[in-house]
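The lines below spell out each chain.
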Amino acid sequence: MLEELRQIVWEANIALPKNRLVTATSGNASARDKDTELVVIKPSGYDFDKLKPEHLNVVNLKGEVVEGKLSPSVDTATHLYVYRHVQGIHGIIHTHSPYATSFAALGQTIPLCLTTLAMEFGTHIPVSDFATIGGEEIGKEIVKRIGTCPAILMRNHGVFTVGPTVQAALKAAVMLEEAAQTVHYAMLRGTVDELPDNVIEEAFKFYKEKYGQKSGSE
């Protein structure tokens, strides 16, 4: 089932260790099919080096396995809660990327002092309250606090990023970790100054309208 989407989600999953966003078997990527509403997600505790598209689980929004021989991720309930409550989200990434997670461990947002953060996220990165894993509690925190931002720092846990596609969610996770590392180093050297709201707004608008190749351009 969903062969093309399986391939896309598999590529997103194996990109996590390649980008140093996860270690061992932690972290996961999922995507929701726009036609069937079925979700493709990584199996629980499965080695990324051994992962193949056919190992991924297909589940419905109730959490029932539609296809797959392996147990789905322990974060499945989190992903499904978000998908059920936010229609525009069709891809979710979960990582424990070290620099971004170091801010989550302190319950602190990443100071919005870089144009990179302004352009990619357009707003401050929200920080959740503590929520236990394995159920819907983390999903509820994401829906409650993420707002228009594609990323959220889960207090004492890690990072979740979302997007209209799993590729967009992956990009947000990569960009967040890179920015978190830069800000971490800057904070070791001194006090960082956050960008004014008007600069953030202008940078975000410019990035969305001007960056990259647009339809019709050569």
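Refer to the structure printed above.
Residues numbered from 1 in each chain as written. Predicted model: local features only at pLDDT ≥ 70, side-chain atom pairs only at ≥ 80, totals over all residues. Heavy atoms only, no water.

*Asks:* When you look at the overall build of the protein chain in this model, what are you seeing that I'm missing?
*Replies:* A count of helical and extended segments in the protein chain gives 7 helices and 7 strands. For the protein chain, the succession of helices and strands along the chain, N to C, is α-β-β-β-β-α-β-α-α-α-β-β-α-α. For a compact globule of 218 residues, the expected C-alpha radius of gyration is about 17 Å, and the protein chain comes in at 17 Å, within 12% of that figure. The principal-axis extent of the C-alpha atoms belonging to the protein chain is close to 50 × 45 × 30 Å. The proportion of buried residues among the 218 residues of the protein chain is 46%. Excluding contacts between residues fewer than 6 apart, the proportion of contacts in the protein chain whose partners are at least 24 apart in sequence is 65%. (Helix = DSSP H or I, 4+ residues; strand = E, 2+ residues; numbered from the N terminus. Rg over C-alpha atoms; globule rule 2.2 N^0.38 Å. Buried < 20%, exposed > 50% of the residue type's maximum accessible area, 1.4 Å probe, protein only. Contact = heavy atoms within 4.5 Å.)

*Asks:* Any chance you could explain the packing of helix α3 (residues 98-106) against helix α6 (residues 166-189) here in plain terms?
*Replies:* When two helices pack together, their arrangement is given by the angle between the helix axes and the distance between those axes. The geometry of α3 relative to α6 is characterised by a closest axis approach of 7 Å and an angle of 65° between their N-to-C directions. With respect to α6, the axis of α3 lies roughly perpendicular. The segment α3 lies against α6, with P98, Y99, A100 and F103 engaging L176, E177, A180, Q181, V183, H184, Y185 and M187. For the contact of α3 with α6, the residue count by class is 9 nonpolar, 2 polar and 1 charged. (Axes fitted to C-alpha atoms, helices over the stretch in contact; angles between N-to-C directions. Parallel < 35°, antiparallel > 145°, perpendicular 65-115°, else oblique. Nonpolar A, V, L, I, M, F, W, Y, C, P; charged D, E, K, R; others polar.)

*Asks:* Is there a simple way to think about the packing of aromatic side chains in this case?
*Replies:* What characterises a pair of aromatic rings is the spacing of the ring centres plus the angle enclosed by the ring planes. All told, the structure shown has 2 aromatic pairs when counted by the stated rule. On the basis of an interplanar angle of 65° and a centroid distance of 5.9 Å, the ring pair of Y99 and Y185 is categorised as edge-to-face. With Y99 in helix α3 and Y185 in helix α6, this residue pair connects regions lying 86 residues apart in the sequence. For Y99, a relative accessible area of 22% corresponds to the partly exposed category. (Phe/Tyr/Trp six-rings, centres within 6.5 Å; stacked < 30°, edge-to-face > 60°.)

*Asks:* Hey, could you run me through the pattern of salt bridges in this one?
*Replies:* Opposite charge on two side chains lets them pair, provided their charged atoms get close. For the coordinates displayed, the defined rule picks out 7 salt bridges. Taken together, the shared-partner salt bridges in this structure form one network comprising D129, E141 and R145. (Salt bridge = Lys/Arg side-chain N within 4 Å of Asp/Glu carboxyl O.)

*Asks:* In this structure, what is going on with the packing of helix α1 (residues 3-18) against α6? I would like to understand it.
*Replies:* With their axes 10 Å apart at the nearest point, α1 and α6 run at an angle of 10° to one another. Judged by the angle between their axes, α1 and α6 are roughly parallel. When α1 is examined against α6, the residues I8, A12, A15 and L16 are found in contact with a partner set consisting of V166, Q167 and L170. Across the contact of α1 with α6, the residue classes tally to 6 nonpolar, 1 polar and no charged.

*Asks:* I'm lost on the environment of V39 in this one. Help?
*Replies:* Relative to the assigned elements, V39 resides in strand β2 (residues 39-41). On a C-alpha basis, the gap between V39 and V66 in space is 9.4 Å, while along the polypeptide they are 27 residues apart. Once residues within four sequence positions are removed from consideration, V39 is found in contact with S30, A31, R32, N57, V58, V59, L61, L80 and Y83.

*Asks:* I tried to follow the nonpolar core on my own but got confused; where do I start?
*Replies:* Formed by 23 residues in total, the largest nonpolar core has its most connected members in I110, L117, F121, I125, L153 and L176. Elements supplying a minimum of two residues to this core: α3, α4 (115-121), β6 (151-154), α6 and α7 (197-210). Sorting elements by how many residues they give to this core places α6 first, with 5 residues. The contacts of I125, once residues within four sequence positions are left out, are T109, C149, A151, I152, L153 and L176. Counting 20 residues, the second-largest nonpolar core is a separate cluster that includes V9, L51, A169 and L170. (Core = buried A, V, L, I, M, F, W, Y, C linked by side-chain atoms within 4.5 Å.)

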